[in-house]
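Structural overview for review
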There are 2 protein chains.
Amino acid sequence: MSINKNYKPSPKEQLSVEQIFNDLIKGNVRALSEAITLIESKRSEDHANAIDLINKCLPHSGNSIRIGITGVPGVGKSTFIEALGEYIIQSTGKKVAVLAIDPSSKVSKGSILGDKTRMQKLSANEKAFIRPSASAGSLGGVANATRESILLCEAAGYEVILIETVGVGQSETEVAEMVDFFLLLMLAGAGDELQGIKRGIMEMTDALFINKADGDNLKNSEKAAVQYRSAIHLFPPKENLWTPVVDICSAIESKNIDKVWSVIDEFYRSTTNSGMFSQVRAKQNEYWFVKNTELLIQQKIFTNVELLKLHEELKQKVKLGEISPLVASVEFVNKVF
Amino acid sequence: MSINKNYKPSPKEQLSVEQIFNDLIKGNVRALSEAITLIESKRSEDHANAIDLINKCLPHSGNSIRIGITGVPGVGKSTFIEALGEYIIQSTGKKVAVLAIDPSSKVSKGSILGDKTRMQKLSANEKAFIRPSASAGSLGGVANATRESILLCEAAGYEVILIETVGVGQSETEVAEMVDFFLLLMLAGAGDELQGIKRGIMEMTDALFINKADGDNLKNSEKAAVQYRSAIHLFPPKENLWTPVVDICSAIESKNIDKVWSVIDEFYRSTTNSGMFSQVRAKQNEYWFVKNTELLIQQKIFTNVELLKLHEELKQKVKLGEISPLVASVEFVNKVF
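Everything numeric here is computed off the predicted structure, so don't read it as measured data.

**Describing the relation of the copies chain A and chain B**
In the superposition of chain A on chain B (RMSD 0.0 Å, axial shift 0.0 Å), the rotation amounts to 180°. The transformation relating the two chain copies, once decomposed into turn and shift, fits a two-fold axis. Within chain A, Ala231(A) has its C-alpha nearest the rotation axis, a separation of 2.2 Å. In this assembly, 100% of the residues forming the interface of chain A have copies in chain B that are likewise at the interface, indicating an isologous arrangement.

So, in C-alpha cells, the structure goes:
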C-alpha cells in the first residue's frame, strides 16, 4: 500500500466523498455501503479518499456499544444475532449494524459470516444494516477495514454494532481489541464443540450464553451453565473488572434474548460509570496505532524483493534452529538500514 | 543499540570469547556467569562479542526442558523452586539452572527473583546455577537476554532450566514463548490471591499446583484442587494438546514435589513422542525472530528524535480520539520513509 499525500482527488471524485459523507451522516444506507466499500478497496488510488472519509466521520463516531460475538460453526450464531438484533430494535428503537471479521476469507463475498441470506428477517428491517466480512488486501488488512467500518456505522447513527467472528481463527485477539463487550456462544455438550475454540477466548469473554437451551436440550444446558459459572468465578477478573455472566438461551425460541440485552446494558452502565469504558477504548486506539505502524513499516520494507527473500531465508533457518532468533534479526535489520 | 559489523574484537578480547566458550561447554560455572554477563551488557562494544558467543553456543544448545514458574508474591516460589531443584538433582543427577525474568526491575541486581539468598541450600549445590533477572537495556531487552541465557546454560550442560517470573507483570506472554512447560503456583484461599494474576496466565498453564498444602491448610488446598481441576477441564485444550494437571504440594515439607517432576517428565515424553515438543520450539523461534526484528527496527527509527516526538504526539491524539489510529499510522509511516 502506498499513500501519495500529494494526490488530490479530481473535483468529480471529491464531490463523491463529500456527497457520501453528507448522506452517510444523515443515515443513508446506500452511502454507508459505498463508504465501507471504499474503505475495503484494494486500489491504492482509493486509499487517499478512504483516509479523507474516515477523517470526516471520526468526530461523528464513538456513540455506540460494540459487541463481539463468537462461537464455533453450528452453534447458531446467525439465528442468535438475528434474534438479538430484532429484540434490540424493537425494545430500544436503536439502529443495529452487523459486521463480520473473517481474515481467512480470501475470496471476497463468499464469506458465510455476516451473510444476509442467513439473516433474512433482520436484513429486511430498515433499522438494521448487515455487511459481510472484508477480504484480505484492503487498507491495513481485514481487521483495520472492520475497525474503520465501525466508525462509519457509528457516524451513520448505528448505536449497536455487532461484530461476528468465528472462534477458531486468528481473529479473536483483534476482535477483542475493537469491541467493548465480548460474547461467546456455546452449546451444552460433551465438550466436543470446545475443541474448535482457541483457549484465549475464555480470557476475553464478558458473557457466555449456552444456546439451543430448548426441548430435550434444556436440562443439559442448565447443567452446563452451572458448571461454567463456577469455573469462570475461579479465574481472575478481566482488566475491565467485569464479572462474566453465564446463562442459557434459545435463539430460535427467542428465549432469554432479553436477558442478553440486559446484561449488555448493565455492562454499559457499569463501565461508563467507572470510567473503564472510555479507558479501554483509549487503550484499544493506542493498540491499533502501534500495530498499524508496525504493519505499514513491514509492508514498505517488503516491497524490496531482496529483503523479503532474506527474511524468509532467515525465518527458515531460525525455525530449524540453525541460527539464533536474535542473531538473525540483527542480521536482517542491518541489511534494512 | 547498534551493531557495527565491521567491528573486530581485539586479539585479547577475541581470546576471551574463545576462552569463555571453551570453558563454558565444559560446564565451567564462572565461564557461564561471564557469558551471561556479556549477553546482558548494555555496552554496544560488547554486542558483537555477545553475538559471536551465541553463535558458538547455539549448536550445543537445546538439550533441556525449559520450565516457566509463576505465581504472585507470597505464594512460596523460592521455597518451591529450591525444593524442586534439589529433588531433580538428587533423583536424576541432571544439572539445574534457575533464571528469572522481571522486566520491571530497572535497577540491576536488586531483583528479588532468582535471588540466591532466598535459595541458599540450592545455590550451594554444585549442580545448580542460579541467576537473577537481567535489567532493561541489554541487547534486545530483558526477555531476549533471558532467552539467550537459556541457550548458554544448555550449552554448559544444564538439562533443566527453571525460569521464574512474577504473574502480575507483563512478562508472562514472553515467558510462555520461551518455555516448554508452564507451571502456576497458587494458594488455596478466598480467591484474593488471584486478584494479582493476569487472566491470560490461565491460558498458558500446563500445571497448577496449590502450595502450602500442609497443617490447617490441607483440607482447603484439597478442595481448591478439586474445583480448579473441574474448571480447567471445561476449557479448551492448549495448542500443545496437553491436559493441564492440578494438584497440591507443600514445598516446605517437600511433599508431592516428586509429583511435580513426574508431571513434567510425563509432559516431556508425551510431547516429544507426538513431535509437539520441537514443533512448539520452532514456532517460538519464529516468534522471537519476528518480534526482535520489529523491536530493532523500532529502535533504529526512534534514534531520530523528531520521529520519536511525532510518534508520541500522534499516540496522544489517538488515545484522545482526535485522530483515527489508521490515519495516524499512515501519517507517521509516511514521515519515516
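**What about the packing of aromatic side chains?**
Here the structure, examined in full by the defined rule, presents 14 aromatic pairs over all chains. For the ring pair Phe302(A) and Phe332(A), a centre distance of 6.2 Å and an interplane angle of 50° mean the geometry is tilted. One end of the pair, Phe302(A), is in the loop between α11 (276-301) and α12 (305-319); the other, Phe332(A), is in helix α13 (residues 325-336), with 30 residues separating them in the sequence. Taking the relative accessible area as the measure of exposure, Phe332(A) reaches 1% and is therefore buried. Between Tyr268(B) and Phe277(B) the ring centres are 5.1 Å apart and the planes differ by 80°, which places this aromatic pair in the edge-to-face class. When its relative accessible area of 9% is taken as the criterion, Phe277(B) is described as buried. Cluster of aromatic residues (ring-pair linked, three or more members): Phe181(A), Trp242(A) and Phe267(A).

**A few points about the packing of helix α2 (residues 29-40) of chain B against helix α6 (residues 142-155) of chain B**
Residue and element names in this part refer to chain B. Between α2 and α6, whose axes approach to 10 Å, the crossing angle comes to 155°. Taken together, the axes of α2 and α6 are roughly antiparallel relative to one another. The crossing of α2 and α6 is right-handed. Listed contacts from α6 to Leu32, Ala35, Ile36, Ile39 and Glu40 of α2 are Ala145, Glu148, Ser149, Leu152 and Cys153. Taken together, the residues of the contact of α2 with α6 sort by class into seven nonpolar, one polar and two charged.

**Section: the sheet that holds strand β7 (residues 245-248) of chain B**
Residue and element names in this part refer to chain B. Read from one edge of the open sheet, seven strands run β3-β2-β4-β1-β5-β6-β7, paired in parallel fashion. On the outer flanks of this sheet lie β3 (128-130) and β7, each paired with one strand and no other. Recorded for the sheet is a direction-independent mean angle of 20° between the axes of neighbouring strands. The sheet contact formed by strand β2 (residues 96-101) and strand β4 (residues 160-166) spans six bridges and is parallel. Looking at β4, one finds that Val96 is bridged to Val160.

**Considering the side chain of Arg66(A)**
All names here are of chain A. Note on placement: Arg66 falls in strand β1 (residues 65-71). In this structure Arg66 comes out as buried when scored by relative accessible area, which is 6%. At a separation of 2.7 Å, a polar atom in the side chain of Arg66 contacts the side chain of Glu154.

**Digging into the sheet that holds strand β7 (residues 245-248) of chain A**
All names here are of chain A. Within the open sheet, the seven strands sit side by side as β3-β2-β4-β1-β5-β6-β7. Their pairing is parallel. Pairing within the sheet leaves two strands with one partner each, and these edge strands are β3 (128-130) and β7. Direction aside, neighbouring strands of the sheet carry axes that sit 20° apart on average. Here strand β6 (residues 207-211) runs beside β7; their pairing, made up of four bridges, is parallel. By the bridge assignment, Leu208 is partnered in β7 with Val246. Of the strands in this sheet, β1, β2 (96-101), β3 and β4 (160-166) touch helix α6 (residues 142-155), which is tilted by about 175° from β2.

**A look at the pattern of salt bridges**
Side-chain pairing between opposite charges can occur once the charged atoms of the two side chains come close. For the structure shown, the criterion picks out 34 salt bridges over all chains. Here Lys319(A) and Glu286(B) are joined by a salt bridge, their closest N and O atoms 3.4 Å apart. Highlighted residues: Lys319(A) in helix α12 and Glu286(B) in helix α11 (residues 276-301), drawn from two different chains. Residue classification places Lys319(A) among the partly exposed positions, given a relative accessible area of 35%. Here Asp180(B) and Arg281(B) are joined by a salt bridge, their closest N and O atoms 2.8 Å apart. Here Asp180(B) is found in the loop between α7 (172-176) and β5 (181-187), whereas its partner Arg281(B) is found in helix α11, with 101 residues between them in sequence. Of the residues examined, Asp180(B) reaches a relative accessible area of 8% and is grouped as buried.

**Considerations on the interface of chain A and chain B**
If you look at the interface, chain A gives 64 residues, while chain B gives 64 residues. Interface area for chain A against chain B, summed over the two sides, is near 6,100 Å², with a carbon-plus-sulfur share of 72%. Scanning the region where chain A abuts chain B turns up four salt bridges. Joining chain A to chain B, the criterion identifies six residue pairs in polar contact (both at pLDDT 80 or more). Among the secondary structure elements, those contributing two or more residues to the side of chain A that touches chain B are α3 (44-57), α6, α8 (200-204), α9 (218-234), α11, α12 and α13 of chain A. Of all the elements, α11(A) adds the most residues to the side of chain A that touches chain B, at 13 residues. Of the residues contributing to the side of chain A that touches chain B, the split by class is 35 nonpolar, 15 polar and 14 charged.

**Structural notes on the side chain of Thr271(A)**
Residue and element names in this part refer to chain A. Assignment of secondary structure puts Thr271 in helix α10 (residues 257-274). On the accessibility criterion, Thr271 (2% relative accessible area) is buried. Here Thr271 is in contact with Asn240, Met276 and Phe277, once residues within four sequence places are set aside.

**Looking at the pairing of β2(B)**
Residue and element names in this part refer to chain B. The buried fraction of β2 amounts to six of the six residues, a majority that puts the element mostly inside the structure. Of the two faces of β2, the one lined by Val96, Val98 and Ala100 and the one lined by Ala97, Leu99 and Ile101 are each fully buried. In the sheet, β2 pairs with β3 via three bridges, with the strands oriented parallel. The partner of Val96 across the bridge, within β3, is Ala128.

**Focus on the pairing of β5(B)**
Residues and elements named next belong to chain B. Among the seven residues of β5, six are classified as buried, and the element is accordingly described as predominantly covered. Alignment of strand β1 (residues 65-71) against β5, held across four bridges, turns out to be parallel. Paired with Ile67 across the bridge in β5 is Phe181. As defined by bridge partners, β5 adjoins strand β6 (residues 207-211) across five bridges and the pair is classed as parallel. Note on β6: the bridge partner recorded for Met186 is Ile210.

**Points about helix α9 (residues 218-234) of chain B**
With 17 residues, α9(B) should reach 24 Å at 1.5 Å per residue; the first-to-last C-alpha distance of 25 Å fits that figure. If you check which residues of α9(B) are buried, you get Ser221(B), Ala224(B), Ala225(B), Tyr228(B), Ala231(B), Ile232(B) and Leu234(B). Where the residues of α9(B) are buried, they touch α9 of chain A together with β5, α8 (200-204), β6 and β7 of chain B.

About the thresholds
- Residues numbered from 1 in each chain as written.
- Chains lettered and ligands numbered in written order.
- Predicted model: local features only at pLDDT ≥ 70, side-chain atom pairs only at ≥ 80, totals over all residues.
- Heavy atoms only, no water.
- Least-squares fit on C-alpha atoms with pLDDT ≥ 70 in both.
- Contact = heavy atoms within 4.5 Å.
- Phe/Tyr/Trp six-rings, centres within 6.5 Å; stacked < 30°, edge-to-face > 60°.
- Helix = DSSP H or I, 4+ residues; strand = E, 2+ residues; numbered from the N terminus.
- Buried < 20%, exposed > 50% of the residue type's maximum accessible area, 1.4 Å probe, protein only.
- Axes fitted to C-alpha atoms, helices over the stretch in contact; angles between N-to-C directions.
- Parallel < 35°, antiparallel > 145°, perpendicular 65-115°, else oblique.
- Left-handed = near helix turned anticlockwise from the far one by under 90°.
- Nonpolar A, V, L, I, M, F, W, Y, C, P; charged D, E, K, R; others polar.
- Pairing = 2+ DSSP bridges.
- Polar contact = N/O pair within 3.5 Å; in protein donor to acceptor, adjacent residues only side chain to side chain.
- Salt bridge = Lys/Arg side-chain N within 4 Å of Asp/Glu carboxyl O.
- Buried area = accessible area lost by both parts, 1.4 Å probe.
- Expected span 1.5 Å × (residues − 1).

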